[in-house]
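Residue-level structure breakdown
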Amino acid sequence: MKDNFFKDRKHISFGNMNRIAGSILFVILSFIIVNCASTIPDPIYIRVSQVGFLPGDLKSAVVMSQSPIPYRNFKIINTVNRTSVYSNTINDSLYAYGKFNYCYQIDFSKLTLPGNYRIEINNETSVPFKIGNDIYNNVVDSLMLFFREQRCGPTNPILHKPCHLSDVAGLIGDANYSGKFSGVDLTGGWHDAGDYIKFLSTTSYTTYMLMFSYDFDKSKFGFDDNKDGVPDVLAEAKIGLDWMLRCNYSGDKLVTQVQDLRDHSAGWRMPENDSLQYNRLGYTGIGKNQIGMYTAVMALASRIWSDKFHKFDFAKVCLNAAEKFYSIRNSVPNIDSSQSGFYQDHTFYGKLALGAVELYITTKKPMYLDDAIKYADSAGSDYWWSYGNLNSLADYRLAKIIPRFAGYILNNLRFFNMKKDSSIFHEAMAYSWGSTNAFLGAALQAILYKDATGNSNFDSLAIFQRDYVLGRNPWGISFIYDIGSVFPKHLHSQVGFFHGGYLPGALSAGPAPEVILNNYNIKRKNHVFDLFNTEQCKYYDDFNDYITNEPTISGNATALFVFGFFSN
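Our subject in this report is the structure included herewith.

Definitions and cut-offs
- Residues numbered from 1 in each chain as written.
- Predicted model: local features only at pLDDT ≥ 70, side-chain atom pairs only at ≥ 80, totals over all residues.
- Heavy atoms only, no water.
- Pairing = 2+ DSSP bridges.
- Helix = DSSP H or I, 4+ residues; strand = E, 2+ residues; numbered from the N terminus.
- Core = buried A, V, L, I, M, F, W, Y, C linked by side-chain atoms within 4.5 Å.
- Buried < 20%, exposed > 50% of the residue type's maximum accessible area, 1.4 Å probe, protein only.
- Contact = heavy atoms within 4.5 Å.
- Expected span 1.5 Å × (residues − 1).
- Axes fitted to C-alpha atoms, helices over the stretch in contact; angles between N-to-C directions.
- Parallel < 35°, antiparallel > 145°, perpendicular 65-115°, else oblique.
- Left-handed = near helix turned anticlockwise from the far one by under 90°.
- Nonpolar A, V, L, I, M, F, W, Y, C, P; charged D, E, K, R; others polar.
- 1 Å grid on protein atoms, 1.4 Å probe; cavity = no way out; pocket = protein on both sides within 12 Å on 5 of 7 lines; lining within 4 Å.
- Points joined across faces, edges and corners; volume = space filled by probe spheres on them.

Here we look at the pairing of strand E5 (residues 84-89)
Here strand E4 (residues 73-78) pairs with E5 via five bridges, running antiparallel. Within the sheet, the bridge partner assigned to Ile76 lies in E5 and is Tyr86. Where E4 hands over to E5, the hairpin turn is made up of five residues, of which Arg82 adopts a positive phi near 60°.

Structure representation (structure tokens):
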């Protein structure tokens, strides 16, 4: 019994020892695995302009991570010879964004040598970018293509055939033209966005900005790529200008919209195959807001076509139209709104000021300057930018004559600067419907202010907005089709859809706040950017998303001015 007892005890002891040893080994291996896993850092995301920088630019990028990054240095690598050309320390995170509690800003402004580069952080690399004097030229060329894609009527469009050759079948709002076959000629112009509706409000803004860009800097915007003797921006402006003249179909009457929301219910189709092409109506209307922009466009066109082309008869037609409509401003409603409910103006003073000052510059009649001063002071600063918030254009024109008007632009810029400093991505305004247009509008105002005053205090504001649109944003996307390495491939455009997403030069509307998105039931299929969306703001590269991913002629017009300014 004794021997057996000890034999059993010995057997039990060895069994326990084996189990204990196994348990210790398991604990050690578990510790090693857990410890190794804990040392594997979260992925980092480097956000930088995918086009790049002029040699003298402020140059920065954002590094996003869900946890603190353990390495605190970055390098700029020449992608041609793989050499490091610049390195520096990554400063502490001062910002958070969405799921990313740690966002770091890195600066490499001291690097001025032209070349092709990437940012490298612990073997993680950014998209490629360039430093050079002419890196924005291709952006401008691309943006110009979008207007040709949007052309309507017999205007030599690209990516589709001539379309809507029966615009319009009849007019709404004028009893003399309401019969079935009492249409007027409103062919031409541009489709406003991804649909096939045409608006006087956005066409007038776009036409004005094309001409204003040329007038602002004839060397940068005087390019003539097709060698026909006409600067390309003015040839494109003529598309809008001719259509606007047709909008004045009788006396002092205007068509403000062609087609209505039936366009959105007809299904996706190419414009030349539009099932509604013989059933497109024009809507008449007029208000001080419409008169202001119509006057500004025609007065500026008169000046350019007289001075540049010596087309004095056409210049006279434009000037007569400008003065005729301006003369009736006090006998029309303050605001004329579009029939569809899109593009609702809230004020008219800034637009009337712009019309009056353009008339003054063209005619030198003091009464127009007096009116411009009165209207611009009534408009004040608008702290925004859109087709309907463009007071700074009139303020810029007036500041060249009366310097105090630059102060209204300065108010805007100070406001934008405060907003910029509240975010790692330095957005100049709150997100809205059409964020990219708004941000580039802030850059535009900084450019105008510098030209009017010589003050360069807001150069960084302009650069941050420019770079945001090109990739220095939470989603790491360049919002212009085919510009950069990552760009929208599913823009909300029927023409683009039927070309597999191909839509050169189209500027996406960009991220929008959740409070706007919640008002619309959009069925999306593409969620590749969901990681970078927040509860407050989202972006989707999806064909169906007409809020965050639709291009517009007005957005492209703003972008053309900004990127044209940075071109060489």
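Observations concerning the nonpolar core
For soluble globular proteins, nonpolar side chains are generally found buried alongside one another. Core analysis: the largest hydrophobic core is formed by 140 residues, its most contacted members being Tyr208, Phe212, Trp475, Phe561 and Phe563. The dominant element in this core, judged by the number of residues it contributes, is helix H6 (residues 288-307), at 11 residues. Apart from the residues within four sequence positions on either side, Phe563 is in contact with Tyr136, Val139, Val140, Leu143, Leu440, Arg466, Val469, Leu470 and Ile480. Ranked by size, the runner-up nonpolar core spans 21 residues in total, among them Ile46, Phe53, Ile90 and Tyr104.

Topic: helix H16 (residues 553-566)
The end-to-end C-alpha separation of H16 is 20 Å, in line with the 20 Å expected for 14 residues at 1.5 Å each. Within H16, 13 of the 14 residues are buried, which leaves the element mostly enclosed by the surrounding structure.

Considerations on the packing of helix H8 (residues 349-363) against helix H10 (residues 391-399)
Across the interface, H8 lies against H10 with an axial gap of 8 Å and an inter-helix angle of 30°. The orientation of H8 relative to H10 falls into the category roughly parallel. For H8 against H10, the interelement crossing comes out left-handed. Where H8 abuts H10, its residues Gly350, Ala353, Leu354, Val357, Glu358 and Ile361 lie against Asn391, Leu393, Ala394, Arg397 and Leu398. Among the residues forming the contact of H8 with H10, the class breakdown is seven nonpolar, two polar and two charged.

Here we look at empty space enclosed by the protein
Within this structure, the stated rule accounts for two cavities of 30 Å³ or more. In this structure, the largest cavity spans a volume of roughly 50 Å³. Looking at the largest cavity, the residues that line it are Phe199, Ser201, Thr256, Asn289, Gln290, Asp336, Ser337, Ser338, Tyr343 and Asp345. Here the lining of the largest cavity is composed, by residue class, of two nonpolar, six polar and two charged. Within this model, the second largest cavity holds a volume of roughly 30 Å³.

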